[in-house]
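Chain and residue survey
Okay, here's what each chain looks like letter by letter:
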Number of protein chains: 2
Amino acid sequence: MPEPMQDEPAVVILRLGHRPGRDERMTTHVGLTARALGADRIILESAAEGRRETIEDITDRFGGPFDVEVTDSPLGRLRSWEGSIVHLTMYGQPVQRVEDEIRASHRKEPLLVVVGAEKVSFEVYDRADWNVGVTNQPHSEIAALSVFLDRLFDGRELDREWEDADKRVVPKETGKRVEEAE
Amino acid sequence: MPEPMQDEPAVVILRLGHRPGRDERMTTHVGLTARALGADRIILESAAEGRRETIEDITDRFGGPFDVEVTDSPLGRLRSWEGSIVHLTMYGQPVQRVEDEIRASHRKEPLLVVVGAEKVSFEVYDRADWNVGVTNQPHSEIAALSVFLDRLFDGRELDREWEDADKRVVPKETGKRVEEAE
């Protein structure tokens, strides 16, 4: 039986540097990926507030728990975080070298995972306990976040159960099947 | 020593359903993720041709091999593919249940991985050897692709070496370091 992931210390995603217009879909996808792959909460900057509804709508329909929080002081949230901090960046240490250490830390305390859009201030590199690269190649913050979470949870997030869902997708070899959740 | 991944049967990504304007950054990120996480090539629809340059520019600077191909008949490419086909979809079978089978198949023959943007025609579900869900939750095709590739290659893609790169990022605990490649 899958164990409820909510019994573990929290994993919270902090999305930094949303540029209105340019980043709308990226930020939505960061939020939906965070939810689908086992995080408990995402913190958005005020500039990304419009994305809250889309993410919450998916949680209403497909289940939770998953929270969206909006702050006008994202760096303040970083400074006051009680737990450890990972910053995902292509300049960081290879995820495959540091993941064991991070997993061990997460068994003991909450983890904040910082995912930047545009240029991230040096303070973030400096406050992070681990600057982590999912490869040292330029690609996508959504890709980095998803590989990181899959490794952090060791695949357990894929068997997670959802609460208070209206709809449930039933896996199929071919085609689509969506049921009303009980 | 990391083995050159190019000695293995090819992994080719087919990006279906690019909507001009709306999908520009998503398609770029699909392409960069494909490159960074070990695929050999991406096939784009004509509508996405504008994305080719951005992806090729990263390959020029950070290395390859990685190819971008543009076709005006993406379904034709699907129909004539010689090898096996995976279609990533939230309606598919859980990746954790089918990944061993897919990995075994890829040891023997090339693999086409179909990543859709908008609604995908039933023919794709039907032609795929595996319709695969990275969770059965709505999230991001970039996230699905990245988790799929990381599992397909069992993490080997993270130690891949790059050829003909101008620049190389040197992993750092804090800050950024980029060197000219030798």
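Residues numbered from 1 in each chain as written. Chains lettered and ligands numbered in written order. Predicted model: local features only at pLDDT ≥ 70, side-chain atom pairs only at ≥ 80, totals over all residues. Heavy atoms only, no water.

An unreviewed UniProt entry lists chain A under the name tRNA (cytidine(56)-2'-O)-methyltransferase, with Halorhabdus utahensis given as the organism. Recorded in UniProt under Sequence similarities (unreviewed entry), the annotation for chain A is "Belongs to the aTrm56 family." (UniProt positions renumbered as here; feature names shortened; annotations may be inferred.)

Residue and element names in this part refer to chain A. One open sheet holds the six strands; their spatial order is 3-2-1-5-4-6, and the pairing between them is parallel. The open sheet terminates on both sides in strands that have one partner only, identified here as strand 3 (67-71) and strand 6 (130-133). The average undirected angle you get between the axes of adjacent strands in this sheet is 30°. The pairing of strand 2 (residues 41-45) with strand 3 spans five bridges and is parallel. For I42, the partnering residue across the bridge sits in strand 3 and is V68. (Pairing = 2+ DSSP bridges. Helix = DSSP H or I, 4+ residues; strand = E, 2+ residues; numbered from the N terminus. Axes fitted to C-alpha atoms, helices over the stretch in contact; angles between N-to-C directions.)

Turning our eyes to something else, we now look at the sheet that holds strand 5 (residues 111-116) of chain B. Residues and elements named next belong to chain B. The parallel open sheet is built from six strands, whose spatial order is 3-2-1-5-4-6. Bordering the open sheet on either side are strand 3 (67-71) and strand 6 (130-133), each of which pairs with just one other strand. The average angle at which neighbouring strand axes cross in this sheet is 30°, direction not considered. Bridge analysis of strand 4 (residues 84-94) against strand 6 gives five bridges, and the strand direction is parallel. In the sheet register, H87 faces strand 6, and the bridge partner there is N131. Sheet strands touched by helix 6 (residues 141-152): strand 1 (11-16), strand 4 and strand 5. Its angle to strand 5, the strand with the most contacts, is close to 160°. (Contact = heavy atoms within 4.5 Å.)

All names here are of chain A. Per the UniProt entry, the sites bearing "binding site: S-adenosyl-L-methionine" (unreviewed entry) are L88, G116, A117, E118, K119 and V120 in this numbering. Despite a sequence span of 33 residues, these residues sit close together in the fold, their greatest C-alpha distance being 12.5 Å. Summarising the element assignment, K119 is placed in the loop between strand 5 (111-116) and helix 5 (122-127). Residue class for K119 comes out exposed when judged on its relative accessible area of 73%. By the element assignment, V120 lies in the loop between strand 5 and helix 5. (Buried < 20%, exposed > 50% of the residue type's maximum accessible area, 1.4 Å probe, protein only.)

Attention now goes to unusual backbone geometry. Residues and elements named next belong to chain A. With an omega of 0°, the peptide bond between G64 and P65 qualifies as cis. Although it is not a glycine, T135 adopts a positive phi angle of roughly 70°. Residue position: T135 is located in the loop between strand 6 and helix 6 (141-152). The phi dihedral of D164 is positive, around 60°, even though this residue is not glycine. Topologically, D164 is positioned in the loop between helix 6 and strand 7 (167-169).

A word on the interface of chain A and chain B. The interface is formed by 54 residues belonging to chain A together with 54 residues belonging to chain B. Taken together, the two surfaces of chain A and chain B that pack against each other cover about 4600 Å², and 60% of this comes from carbon and sulfur. If you look at where chain A meets chain B, you find six salt bridges. Two residues, R97 of chain B and D159 of chain A, come together in a salt bridge whose shortest N-O distance is 3.1 Å. Summed over the shared surface of chain A and chain B, the result is 21 residue pairs in polar contact (both at pLDDT 80 or more). Listing elements by their share of the side of chain A that touches chain B, those giving two or more residues are helix 1 (24-36), helix 2 (52-62), strand 4 (84-94), helix 4 (95-108), helix 5 and helix 6 of chain A. A class-by-class count of the residues in the side of chain A that touches chain B yields 23 nonpolar, 15 polar and 16 charged. (Buried area = accessible area lost by both parts, 1.4 Å probe. Salt bridge = Lys/Arg side-chain N within 4 Å of Asp/Glu carboxyl O. Polar contact = N/O pair within 3.5 Å; in protein donor to acceptor, adjacent residues only side chain to side chain. Nonpolar A, V, L, I, M, F, W, Y, C, P; charged D, E, K, R; others polar.)

Scanning the entire structure with this criterion turns up 38 salt bridges over all chains. The closest approach of N and O atoms between R19 of chain A and D23 of chain A, which form a salt bridge, is 2.7 Å. The exposure class assigned to R19 of chain A is partly exposed, which follows from its relative accessible area of 21%. Each of E99, D100, R103 and R151 of chain A together with D150 of chain B takes part in one network of salt bridges that share partners.

Residues and elements named next belong to chain B. Following the criterion strictly, the structure yields one cavity of 30 Å³ or more and no others. Within this model, the largest cavity holds a volume of roughly 40 Å³. If you trace the largest cavity, you find it lined by M5, Q6, E8, P9, V11, G38, D40, F153 and R160. Classifying every residue of the lining of the largest cavity by side-chain character gives four nonpolar, two polar and three charged. (1 Å grid on protein atoms, 1.4 Å probe; cavity = no way out; pocket = protein on both sides within 12 Å on 5 of 7 lines; lining within 4 Å. Points joined across faces, edges and corners; volume = space filled by probe spheres on them.)

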